[in-house]
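Spelled out, the chains give:
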Amino acid sequence: MYVPHGSVEKEQSVIPESDREGTNRVGSVEHHLCGVGSLLLAVGFAVLFYPLLVALALPLEALATTALVSAVVLVWSVGWVGFELLWEWRAGRWSR
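Nothing here was measured: the structure is a model prediction, and the numbers come from that model. (Residues numbered from 1 in each chain as written. Predicted model: local features only at pLDDT ≥ 70, side-chain atom pairs only at ≥ 80, totals over all residues. Heavy atoms only, no water.)

1. Some thoughts on the overall build of the protein
In step 1: Of the regular secondary structure elements, the protein holds four helices and zero strands.
In step 2: Shown N-terminal to C-terminal, the secondary structure of the protein runs as helices and strands in the order α-α-α-α.
In step 3: Every one of the 96 residues in the protein was classed for burial, and the buried ones make up 15%.
In step 4: Residue pairs at least 24 apart in sequence account for 60% of intrachain contacts in the protein once pairs closer than 6 positions are excluded. (Helix = DSSP H or I, 4+ residues; strand = E, 2+ residues; numbered from the N terminus. Buried < 20%, exposed > 50% of the residue type's maximum accessible area, 1.4 Å probe, protein only. Contact = heavy atoms within 4.5 Å.)

Below is the structure:
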């Protein structure tokens, strides 16, 4: 809320009362752990399925490396979102 200088109105916070206490806040540690966990998942996926990924990417010739990197980044992104949703569900912050 914008309050001009010299105004007698008191600025009110737009943060809900429950979030001020920190009960519903999501910490950066959670995001970092989900990111690292999903990165490990993506690297494990790449190691386990490397021969298959290379065989599928070879017909693309010059774009083969781009396809490999895109597949790993896709697994990393989907894993990250999945871990975040799982964490929210387990923490009880995710409800309909």
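2. Focus on a nonpolar patch on the surface
In step 1: On the surface, a nonpolar cluster with roughly 400 Å² of combined accessible area is contributed by Leu41, Phe83, Leu86 and Trp89.
In step 2: The dominant element in the nonpolar patch, judged by the number of residues it contributes, is helix α4 (residues 64–91), at three residues.
In step 3: Positionally, Leu86 belongs in helix α4. (Patch = residues over 30% accessible without salt bridge, like charges linked within 9 Å, V, L, I, M, F, W, Y side chains within 5 Å. Areas by Shrake-Rupley, 256 points an atom, 1.4 Å probe, with all protein chains shown as cover. Salt bridge = Lys/Arg side-chain N within 4 Å of Asp/Glu carboxyl O.)

3. Structural notes on the side chain of Ser38
In step 1: Its place among the elements puts Ser38 in helix α2 (residues 28–48).
In step 2: Ser38 gets classed as buried once you look at its relative accessible area, which sits at 0%.
In step 3: If sequence neighbours within four positions are ignored, Ser38 has contacts with Trp76, Gly79, Trp80 and Phe83.

4. Description of the environment of Ala67
In step 1: Mapped onto the fold, Ala67 is located in helix α4.
In step 2: According to the relative accessible area criterion, Ala67 is partly exposed, its value standing at 27%.
In step 3: Taking the C-alpha atoms as reference points, Ala67 and Ala57, separated by 10 residues in sequence, lie 6.3 Å from one another.

5. Comments concerning the nonpolar core
In step 1: In this structure, Leu53, Ala57, Ala64, Leu68 and Ala71 together form the largest nonpolar core, which totals five residues.
In step 2: Mapped onto this core, the elements with two or more residues apiece are α3 (50–57) and α4.
In step 3: Top element by residues in this core is α4. It accounts for three residues.
In step 4: In this structure, Leu53 is in contact with Phe45, Ala46, Leu68 and Ala71, ignoring residues within four places of it in sequence. (Core = buried A, V, L, I, M, F, W, Y, C linked by side-chain atoms within 4.5 Å.)

Geometric values such as these leave the question of function open.
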